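Residue-level listing of the chains:
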Amino acid sequence: MANVTVIGSQWGDEGKGKIVDWLSSRADVVVRFQGGHNAGHTLVIDGKTYKLHLLPSGIVRKGKKSVIGNGVVVDPWALMKEIEDVRGQGVDITPANFFVSENANLILPVHGAVDRALEAARGKGQIGTTGRGIGPAYEDKVARRGIRVCDLLHPDLLKEKIERLLIHHNALLKGLGAETFNMRHIFDSLMQINGALLQYAGPVWKKLDEWQRQGEKILFEGAQGTMLDVDHGTYPFVTSSNTVAAQAAAGSGVGPRATGYVLGITKAYTTRVGAGPFPSEQSNDIGETLGRVGHEFGTTTGRKRRCGWFDSALVRQSVKISGIEGIALTKLDVLDGFDEIKICTGYRVDGQILDHLPASQTHQATAEAVYEGMEGWQESTRGARSWADLPAAAIKYVRRIEELIEAPVALLSTSPEREDTILVRDPFQNS
Ligand code: IMP
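Note that the coordinates shown come from a computational prediction; the quantities given were computed from them, not determined experimentally. (Residues numbered from 1 in each chain as written. Predicted model: local features only at pLDDT ≥ 70, side-chain atom pairs only at ≥ 80, totals over all residues. Heavy atoms only, no water.)

Asker: In this structure, what is going on with the domain arrangement of the protein chain? I would like to understand it.
Answerer: As far as domains go, the protein chain holds domain 1 (105-197) and domain 2 (266-423). The C-alpha centroid of domain 2 is placed 37 Å from the C-alpha centroid of domain 1. On the side of domain 2, five residues touch domain 1, which itself brings six residues to the contact. Summing the contributions of domain 1 and of domain 2, the shared interface buries around 360 Å²; its carbon and sulfur component is 45%. For the domain 1 face of the interface with domain 2, the top three residues by lost area are Gly-128, Thr-130 and Arg-132, together amounting to 69%. At the junction of domain 1 and domain 2, the tally comes to zero salt bridges. Linking domain 1 to domain 2 there are two residue pairs in polar contact (both at pLDDT 80 or more). Residues that form the side of domain 1 that touches domain 2 fall into these classes: one nonpolar, four polar and one charged. (Domains from an automatic or database assignment. Contact = heavy atoms within 4.5 Å. Buried area = accessible area lost by both parts, 1.4 Å probe. Salt bridge = Lys/Arg side-chain N within 4 Å of Asp/Glu carboxyl O. Polar contact = N/O pair within 3.5 Å; in protein donor to acceptor, adjacent residues only side chain to side chain. Nonpolar A, V, L, I, M, F, W, Y, C, P; charged D, E, K, R; others polar.)

Written as structure tokens, this is what we have:
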């Protein structure tokens, strides 16, 4: 099975864009299987920068098929705008290379409003969501009142469904002192774009089956990171989807054996956007330096990311939970110039040393990082293309990470440029 699943092993923003782009150049099909336009993947190809939120990364490459699976929540207006923007950069997007699952749930304007009103009402307990309506749309899906892409085919039923959905949300919005929504307005807006969206819609699970039988290689492109998973992450400071590798199957309609080699994208230090526990966070000069050198600002919201040392206990947890077979280690060069580098190896919780982050919100909030120190390096690792280009201390750091997380480095990325990558093993060859 020559397929690969790429996921983030931390809290998202691990630098998936570049790796996914490199892998998508070797795949025939690229599939998004969870999340929505809360994601932000930056691709730099031949000097041109593409910022994608909802479109799979394969879209910018000629001859590749791109798929939005059923596990994604689709804001149809955001999708149309993104298609328009990317087309404006000279990319072809047609029903021959882009497919949207007919049973994907839609994000409506009311979901964004509820998301933002709930966040405002949480006060100090804010999650720091992207405000894009992701959570409320997933809630509607599970509550069985969601609107799906295929509902656009049947205007009468669609009206009824919007009406039902608004009974729930308008009551909530009223209670929160926010403006309510009107069925007609949402319906009319949907009718304006339904043709544009429906041309891409169909049973993508069936297409994926056909393409697999033809021997095509599929890349499953995860968004966010394992620690933002709604089950396994730092709940409630998580996103509302399963971000683990297993979701690639359920969120696109293939069997669990079809998702192939699991590659975990892992940053050489740790960052997080939004609220929630972060034991190895450095709210000091070290964190400031990591943020400045690593350009740690969100692609989607522009928010400053919180920064800290590499947390090997957390990544090891992701390795186990997602069945990560190898990692792509990114942004090693950001650590150039530190005299000492620390690695978090576990936590002190209630006076006990743990080698994993426990599930309780209270334990997570009070967990203190336990570190081991390593010698830093002063040489530049930026742009290294072979192990021989790396200083001995940097190699030692990478080897120690592999040991602690119990997974090997498959790829090492040393700059945003595509060529600046050390390939240890090709994930497609390992599948
Ligand atoms: P939501 O996904 O908008 O509901 O936000 C929930 C949490 O996930 C917040 O802490 C966000 O900052 C975080 N989040 C959502 N998408 C991303 C992403 O693509 N990268 C990093 N963090 C994200």
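The discussion continues.
Asker: Got a minute to help me understand the packing of helix α3 (residues 109-122) against helix α5 (residues 155-175) in this structure?
Answerer: If you want to describe how two helices pack, look at the angle between their axes and the distance between the axes. At their nearest, the axes of α3 and α5 sit 10 Å apart, and the two run at 30 degrees to each other. By the criterion of interaxial angle, the relationship of α3 to α5 is roughly parallel. Crossing geometry of α3 relative to α5 is assigned as left-handed. Together, Val-110, His-111, Ala-113, Val-114 and Ala-117 of α3 and Leu-165, Leu-166, His-169, Leu-172 and Leu-173 of α5 make up the contact between the two elements. Here the contact of α3 with α5 is composed, by residue class, of eight nonpolar, two polar and no charged. (Axes fitted to C-alpha atoms, helices over the stretch in contact; angles between N-to-C directions. Helix = DSSP H or I, 4+ residues; strand = E, 2+ residues; numbered from the N terminus. Parallel < 35°, antiparallel > 145°, perpendicular 65-115°, else oblique. Left-handed = near helix turned anticlockwise from the far one by under 90°.)

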